[in-house]
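# Observations on the three-dimensional arrangement
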Amino acid sequence: MQIEATGLGKRYAREWIFRGLTHTFQSGSATAILGPNGAGKSTLLNTLSGQQLPTDGTLVYQHKSQTVPVEEVPPLLAYAAPYLELIEELTLTELLHFHTRFKPLRPGITQQQLIELMYLEKSRHKLVRDFSSGMKQRLKLALALYADTPLLLLDEPTTNLDRAGVAWYLEHVRATLEGRTVLVSSNVPEEYNFCTEQLNVTDFGARAAR
Ligand SMILES: Nc1ncnc2c1ncn2[C@@H]1O[C@H](COP(=O)(O)OP(=O)(O)OP(=O)(O)O)[C@@H](O)[C@H]1O
């Protein structure tokens with residue numbers, strides 16, 4: 001999926017978070033969205049994905065040579081972020097059944113295989129509420145990485161992951177990149193070192209939080 005942003009700006013009350021952002025995220029590219037804490041990386045990710053309306057400017061989405069209206073973008077995107085919650089009242093198997101009704105897994109991978117690649121076989125009947133923070137993060141990432149979507153958004157993907165978890169993330173993000181447009185919001189170089197493009201929010205009027 002290609003995303004063409006022209007003159008994009010987002011303001012909360014009187015504060016412009018970014019302004020005049022013109023950039024084309026090419027289909028199949030991987031871009032790191034960089035900037036200090038509070039600069040506006042998550043706001044930019046949410047705006048680019050159509051989850052938040054821009055204050056200024058336009059966004060044009062193209063997929064398979066067709067223009068996609070913003071309201072049709074959600075089924076085409078997978079999103080993992082610390083502020084997006086899992087349904088904690090469900091067990092792992094219940095959550096996978098529910099989630100994949102809306103966001104199917106890519107062809108060739110079953111729910112059983114997803115559980116195995118997350119190393120969560122022993123927790124299949126455990127409530128997600130009782131997962132450790134690292135287990136929850138691996139689950140969020142696996143659901144996004146292995147979703148059958150042309151757009152993948154990752155906000156601070158290695159949050160709560162230990163060394164083994166970071167290595168696991170890097171292995172699986174590389175395995176699922178091909179053919180997708182990937183945006184990674186981050187301050188940690190190792191979580192975006194596979195990205196071929198970088199965009200710094202502070203180049204578009206953003207300031208760090210004080
Ligand atoms: N809904 C909102 N209403 C008002 N201000 C907001 C809202 N959401 C974010 N902000 C402000 O926008 C600015 C950018 O926040 P954002 O979360 O996008 O930054 P970030 O670069 O992702 O930060 P971090 O690296 O700390 O996650 C901050 O000053 C924040 O307080």
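Residues numbered from 1 in each chain as written. Predicted model: local features only at pLDDT ≥ 70, side-chain atom pairs only at ≥ 80, totals over all residues.

Looking at an unreviewed UniProt entry, the chain carries the name ABC transporter ATP-binding protein, with the source organism given as Hymenobacter volaticus.

So, on to the environment of Thr58. With respect to the helices and strands, the residue Thr58 is situated in strand β4 (residues 56-63). Expressed as a C-alpha distance, the spacing of Thr58 and Leu96, which sit 38 residues apart in the sequence, is 35 Å. (Helix = DSSP H or I, 4+ residues; strand = E, 2+ residues; numbered from the N terminus.)

The biggest cluster of nonpolar side chains holds 46 residues, and the ones touching the most others in it are Ile33, Ala144, Leu152, Leu153, Leu183, Val184 and Val201. The element contributing the most residues to this core is helix α4 (residues 133-145), with 6 residues. The contacts of Ala144, once residues within four sequence positions are left out, are Ala78, Tyr79, Ala80, Leu152 and Leu154. (Core = buried A, V, L, I, M, F, W, Y, C linked by C-beta atoms within 7 Å. Buried ≥ 20, exposed ≤ 12 C-beta atoms within 10 Å, placed from the backbone. Contact = placed C-beta atoms within 7 Å.)

Turning to the site of the ligand, a few remarks are in order. Around the ligand, 11 residues are found, and the nearest of them are Tyr12, Asn37, Lys41, Ser42 and Thr43. The element contributing the most residues to the shell around the ligand is helix α1 (residues 41-48), with 3 residues. Residue classes in the shell around the ligand are distributed as 4 nonpolar, 6 polar and 1 charged. (Near = placed C-beta within 6 Å. Nonpolar A, V, L, I, M, F, W, Y, C, P; charged D, E, K, R; others polar.)

The next thing to look at is the sheet that holds strand β8 (residues 181-185). As summarised here, the arrangement of the 5 strands in space is β6-β7-β8-β3-β9, forming an open sheet in which the pairing is parallel. Each edge of the open sheet is held by one strand with a lone partner, namely β6 (77-80) and β9 (197-200). With strand direction ignored, the average angle separating the axes of adjacent strands in the sheet is 15°. Examined bridge by bridge, strand β3 (residues 30-34) and β9 share 4 bridges and lie parallel to one another. (Pairing = 2+ DSSP bridges. Axes fitted to C-alpha atoms, helices over the stretch in contact; angles between N-to-C directions.)

Another point: helix α5 (residues 163-176). Its 14 residues give α5 an end-to-end C-alpha distance of 20 Å, which sits within 8% of 20 Å, the value for a rise of 1.5 Å per residue. Looking only at α5, the buried set comprises Trp168, Tyr169, Val173 and Thr176. Here the buried residues of α5 occupy an arc of 125° about the axis, which is enough to place them on one side. Seen from the open side of α5, the exposed residues pointing more than 90 degrees away from its buried face are Arg163, Ala164, Ala167, Glu171, Arg174 and Ala175. (Expected span 1.5 Å × (residues − 1). Arc of directions from axis to C-beta.)

So, about the sheet that holds strand β2 (residues 15-25). Reading across from one edge, β2-β1-β4-β5 is the order of the 4 strands in this open sheet, with antiparallel pairing throughout. The open sheet has two free edges, formed respectively by β2 and β5 (66-68), since each of these has just one partner strand. When strand polarity is set aside, the average angle formed by the axes of neighbouring strands in this sheet is 25°. Inspection of the sheet shows strand β1 (residues 2-12) paired to β4 by 6 bridges, in the antiparallel sense. Bridging across to β4, Gln2 finds its partner in Gln62.

Our next topic: unusual backbone geometry. In this structure, Ser65 is a non-glycine residue whose phi angle is positive, near 65°. By the secondary structure assignment, Ser65 is in the loop between β4 and β5.

Let us now look at the confidence of the model for the chain. Put simply, the chain has an average pLDDT of 95, and 98% of its residues get 70 or more. Across the predicted assembly, pTM comes out at 0.93 and ipTM at 0.95. (pLDDT = per-residue confidence, 0-100.)

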